[in-house]
Amino acid sequence: TGQLLERRPDFRVLALDESARRLARVQDNLSRIGHQAELIAADASQPQQWFDGEPFDAVLLDAPCSATGIIRRQPDVRWHRKGEDIPALCGLQADMLDALWPLIAPGGVLVYATCSILPQENSEQVAAFLARHADARDDTPAFAVGGTLAENLAGEQNDITIIDTNAA
(Lines give C-alpha, C1' and ligand atoms only; values in the text may rest on other atoms or scores of the structure.)
Protein backbone atom coordinates (compact mmCIF):
# COMPACT_ATOMS: atom_id res chain seq x y z
CA THR A 1 0.00 0.00 0.00
CA GLY A 2 2.75 2.39 0.98
CA GLN A 3 4.85 1.49 -2.05
CA LEU A 4 1.92 2.12 -4.38
CA LEU A 5 1.30 5.51 -2.83
CA GLU A 6 4.99 6.41 -2.81
CA ARG A 7 5.12 5.80 -6.57
CA ARG A 8 1.65 7.17 -7.35
CA PRO A 9 0.46 9.59 -4.66
CA ASP A 10 -2.42 10.58 -6.98
CA PHE A 11 -3.97 7.10 -6.68
CA ARG A 12 -7.04 6.50 -4.56
CA VAL A 13 -6.07 3.32 -2.72
CA LEU A 14 -8.28 0.97 -0.76
CA ALA A 15 -6.45 -1.63 1.34
CA LEU A 16 -8.55 -4.59 2.35
CA ASP A 17 -7.58 -7.28 4.84
CA GLU A 18 -9.54 -9.52 7.16
CA SER A 19 -7.08 -8.72 9.95
CA ALA A 20 -7.63 -5.39 11.70
CA ARG A 21 -4.23 -5.93 13.35
CA ARG A 22 -2.46 -6.05 9.99
CA LEU A 23 -4.36 -2.97 8.85
CA ALA A 24 -3.21 -1.14 11.99
CA ARG A 25 0.38 -1.82 10.89
CA VAL A 26 -0.48 -0.56 7.40
CA GLN A 27 -1.91 2.63 8.94
CA ASP A 28 1.24 3.08 11.07
CA ASN A 29 3.41 2.75 7.96
CA LEU A 30 1.24 5.13 5.94
CA SER A 31 1.36 7.71 8.73
CA ARG A 32 5.13 7.38 8.91
CA ILE A 33 5.54 8.07 5.17
CA GLY A 34 2.85 10.75 5.03
CA HIS A 35 0.22 9.02 2.90
CA GLN A 36 -3.39 8.00 3.35
CA ALA A 37 -5.50 5.13 2.09
CA GLU A 38 -8.92 3.80 2.86
CA LEU A 39 -8.44 0.74 5.10
CA ILE A 40 -11.24 -1.79 5.49
CA ALA A 41 -11.18 -4.95 7.59
CA ALA A 42 -13.29 -7.33 5.50
CA ASP A 43 -13.26 -10.50 3.41
CA ALA A 44 -12.25 -9.85 -0.21
CA SER A 45 -14.42 -12.76 -1.33
CA GLN A 46 -17.52 -10.99 0.07
CA PRO A 47 -17.61 -7.61 -1.75
CA GLN A 48 -21.29 -7.11 -0.91
CA GLN A 49 -20.04 -6.33 2.61
CA TRP A 50 -17.65 -3.53 1.61
CA PHE A 51 -17.84 -2.55 -2.09
CA ASP A 52 -19.28 0.95 -2.67
CA GLY A 53 -20.19 0.30 -6.32
CA GLU A 54 -17.41 2.40 -7.90
CA PRO A 55 -15.39 0.08 -10.19
CA PHE A 56 -11.65 -0.17 -9.69
CA ASP A 57 -9.14 0.60 -12.45
CA ALA A 58 -6.77 -1.91 -10.88
CA VAL A 59 -6.88 -4.54 -8.16
CA LEU A 60 -3.84 -6.14 -6.58
CA LEU A 61 -4.83 -9.44 -5.01
CA ASP A 62 -1.97 -10.52 -2.77
CA ALA A 63 -3.68 -13.84 -2.17
CA PRO A 64 -3.39 -15.96 0.95
CA CYS A 65 -1.23 -18.92 -0.02
CA SER A 66 0.99 -21.75 1.18
CA ALA A 67 4.01 -19.40 1.34
CA THR A 68 6.22 -22.11 -0.16
CA GLY A 69 8.22 -19.45 -1.98
CA ILE A 70 9.49 -17.86 1.22
CA ILE A 71 10.54 -20.92 3.23
CA ARG A 72 14.18 -19.90 3.02
CA ARG A 73 13.43 -16.54 4.67
CA GLN A 74 10.74 -17.89 6.99
CA PRO A 75 11.52 -21.55 7.74
CA ASP A 76 8.64 -21.86 10.20
CA VAL A 77 6.27 -21.97 7.20
CA ARG A 78 7.03 -25.71 7.05
CA TRP A 79 5.31 -26.20 10.38
CA HIS A 80 2.41 -23.81 9.79
CA ARG A 81 1.33 -25.17 6.41
CA LYS A 82 0.55 -28.75 5.48
CA GLY A 83 -0.19 -30.43 2.17
CA GLU A 84 -3.82 -30.81 3.14
CA ASP A 85 -4.08 -27.00 3.48
CA ILE A 86 -3.54 -26.49 -0.27
CA PRO A 87 -7.04 -27.36 -1.56
CA ALA A 88 -8.70 -24.95 0.90
CA LEU A 89 -6.21 -22.20 0.02
CA CYS A 90 -6.82 -22.77 -3.70
CA GLY A 91 -10.56 -22.58 -3.10
CA LEU A 92 -10.17 -19.29 -1.23
CA GLN A 93 -7.94 -17.89 -3.98
CA ALA A 94 -10.51 -18.85 -6.63
CA ASP A 95 -13.32 -17.31 -4.56
CA MET A 96 -11.38 -14.07 -4.21
CA LEU A 97 -10.49 -13.91 -7.91
CA ASP A 98 -14.10 -14.55 -8.92
CA ALA A 99 -15.49 -12.03 -6.40
CA LEU A 100 -13.06 -9.25 -7.33
CA TRP A 101 -13.21 -9.65 -11.13
CA PRO A 102 -16.66 -8.01 -11.58
CA LEU A 103 -15.48 -4.98 -9.56
CA ILE A 104 -12.90 -3.99 -12.18
CA ALA A 105 -13.76 -1.26 -14.66
CA PRO A 106 -13.60 -2.06 -18.40
CA GLY A 107 -9.98 -1.82 -19.49
CA GLY A 108 -8.83 -2.35 -15.90
CA VAL A 109 -6.41 -4.92 -14.57
CA LEU A 110 -6.29 -7.54 -11.85
CA VAL A 111 -2.82 -8.38 -10.56
CA TYR A 112 -2.80 -11.78 -8.87
CA ALA A 113 0.21 -12.43 -6.63
CA THR A 114 1.24 -15.19 -4.27
CA CYS A 115 4.45 -16.10 -2.48
CA SER A 116 3.95 -19.73 -3.45
CA ILE A 117 5.91 -21.81 -5.93
CA LEU A 118 3.13 -24.39 -6.31
CA PRO A 119 1.45 -24.58 -9.73
CA GLN A 120 -1.93 -25.22 -8.06
CA GLU A 121 -1.77 -21.74 -6.55
CA ASN A 122 -0.29 -20.03 -9.59
CA SER A 123 -0.36 -21.17 -13.21
CA GLU A 124 -3.17 -23.70 -12.63
CA GLN A 125 -5.19 -21.16 -10.61
CA VAL A 126 -4.80 -18.55 -13.34
CA ALA A 127 -5.66 -21.05 -16.10
CA ALA A 128 -8.82 -22.09 -14.24
CA PHE A 129 -9.78 -18.44 -13.71
CA LEU A 130 -9.28 -17.65 -17.40
CA ALA A 131 -11.40 -20.68 -18.32
CA ARG A 132 -14.21 -19.36 -16.09
CA HIS A 133 -14.02 -15.79 -17.38
CA ALA A 134 -14.13 -15.35 -21.16
CA ASP A 135 -13.71 -11.57 -20.72
CA ALA A 136 -10.28 -12.01 -19.10
CA ARG A 137 -6.88 -12.51 -20.65
CA ASP A 138 -3.40 -13.08 -19.23
CA ASP A 139 -1.49 -9.89 -19.96
CA THR A 140 1.63 -10.60 -17.92
CA PRO A 141 4.54 -8.89 -19.74
CA ALA A 142 7.00 -11.19 -21.49
CA PHE A 143 10.75 -10.87 -21.11
CA ALA A 144 12.81 -10.54 -24.27
CA VAL A 145 14.40 -13.90 -23.41
CA GLY A 146 11.02 -15.60 -23.60
CA GLY A 147 8.41 -16.53 -21.07
CA THR A 148 6.49 -14.27 -18.75
CA LEU A 149 8.00 -12.04 -16.13
CA ALA A 150 6.49 -14.31 -13.50
CA GLU A 151 7.94 -17.48 -15.06
CA ASN A 152 11.39 -15.94 -15.18
CA LEU A 153 11.26 -14.59 -11.64
CA ALA A 154 9.82 -17.72 -10.12
CA GLY A 155 11.65 -20.44 -12.00
CA GLU A 156 8.85 -21.34 -14.41
CA GLN A 157 6.10 -20.90 -11.79
CA ASN A 158 3.72 -17.95 -12.05
CA ASP A 159 3.71 -16.10 -8.79
CA ILE A 160 2.45 -12.85 -10.27
CA THR A 161 0.02 -12.56 -13.15
CA ILE A 162 -1.62 -9.54 -14.71
CA ILE A 163 -5.13 -10.25 -15.93
CA ASP A 164 -6.70 -7.66 -18.22
CA THR A 165 -10.32 -7.12 -19.10
CA ASN A 166 -10.91 -7.65 -22.81
CA ALA A 167 -13.07 -4.53 -22.93
CA ALA A 168 -11.11 -1.32 -23.51
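All values reported here derive from a predicted model rather than from experimental measurement.

Quick notes on the rules
- Think of each chain on its own: its residues are numbered from 1, step by step along the sequence as written.
- Local features are withheld for residues below a pLDDT of 70 in this predicted model, meaning they are given only at 70 or higher, and side-chain atom pairs are given and counted only at 80 or more; totals for whole chains, interfaces and linings count all residues.
- To obtain the side-chain values, all non-hydrogen atoms of the structure were included, while hydrogens and water were left out.
- For our purposes a nonpolar core is just a set of buried Ala, Val, Leu, Ile, Met, Phe, Trp, Tyr and Cys residues, chained together by side-chain atoms within 4.5 Å.
- The buried label goes to any residue with under 20% of its type's maximum accessible area, the exposed label to any with over 50%, and the partly exposed label to all in between, with areas taken from a 1.4 Å probe on protein chains only.
- In DSSP terms, a helix is any run of H or I states spanning at least four residues, a strand is any run of E spanning at least two, and both are numbered starting from the N terminus.
- UniProt positions are given in the numbering used here, feature names are shortened, and annotations may be inferred rather than shown by experiment.
- Residue contacts are defined here by distance: any two heavy atoms, one from each residue, within 4.5 Å place the two residues in contact.
- Polar contact is defined as a pair of N or O atoms within 3.5 Å, subject to the rule that within protein one atom must be able to donate a hydrogen and the other to accept it, and that residues adjacent in sequence are counted only when both atoms are side-chain atoms.
- By this definition, two strands are paired if DSSP reports at least two bridges between them.
- Handedness of a crossover is defined as follows: orient the strands so they point away from the viewer, and if the path from the first strand over the helix to the second runs clockwise, the crossover is right-handed.
- Note on geometry: axes are C-alpha line fits, over the in-contact stretch for helices, and angles between N-to-C directions span 0 to 180 degrees.
- When describing relative orientation, an angle under 35 degrees is termed roughly parallel and one over 145 degrees roughly antiparallel, while 65 to 115 degrees is termed roughly perpendicular and anything else oblique.
- Crossing handedness follows the turn of the near helix against the far one: under a right angle anticlockwise gives a left-handed crossing, and clockwise gives a right-handed one.

1. Section: the nonpolar core
(1) Moving on: In this structure, Trp-50, Leu-61, Leu-100, Trp-101, Leu-110 and Phe-129 are the most contacted members of the largest nonpolar core, which totals 20 residues.
(2) Moving on: Broken down by secondary-structure element, the contributors of at least two residues to this core are strand S3 (56-62), helix H4 (86-100), strand S4 (104-113) and helix H5 (123-132).

2. Some thoughts on the UniProt feature "binding site: S-adenosyl-L-methionine" (unreviewed entry) in the chain
(1) Moving on: As annotated in UniProt, the feature "binding site: S-adenosyl-L-methionine" (unreviewed entry) corresponds to Asp-17, Asp-43 and Asp-62 in the numbering used here. For the residues just named, distributed over 46 residues, the greatest C-alpha separation is only 12.9 Å, placing them together at one site.
(2) Moving on: Assignment of secondary structure puts Asp-17 in strand S1 (residues 14-17).
(3) Moving on: The class of Asp-17 is partly exposed, set by a relative accessible area of 22%.
(4) Moving on: Residues within four places of Asp-17 in sequence aside, it is in contact with Arg-22, Leu-23, Ile-40, Ala-41 and Ala-42.
(5) Moving on: Within the structure, the side chain of Asp-17 is placed 2.8 Å from the backbone nitrogen of Ser-19, a separation counted as a polar contact.
(6) Moving on: For Asp-43, the position within the fold is in the loop between strand S2 (38-41) and S3.
(7) Moving on: Overall, the relative accessible area of 18% leaves Asp-43 in the buried class.

3. Side note on the pairing of S1
(1) Moving on: Two strands pair when backbone bridges link them, and S1 and S2 are joined in this way by four bridges, in the parallel orientation. Across the sheet, Asp-17 pairs through a bridge with Ala-41, a residue of S2.
(2) Moving on: For the crossover that starts at S1, traverses helix H2 (residues 20-33) and ends in the parallel S2, the hand is right-handed.

4. Topic: the packing of H4 against H5
(1) Moving on: Closest axis-to-axis distance for the H4/H5 pair is 11 Å, and the angle between their directions is 40°. Between H4 and H5, the interaxial angle falls into the category oblique. Of the two elements, H4 crosses H5, and the hand of that crossing is right-handed. Taking contact as the criterion, the partners of Cys-90, Gln-93, Ala-94, Leu-97 and Asp-98 in H4 are, on H5, Gln-125, Phe-129 and Arg-132.

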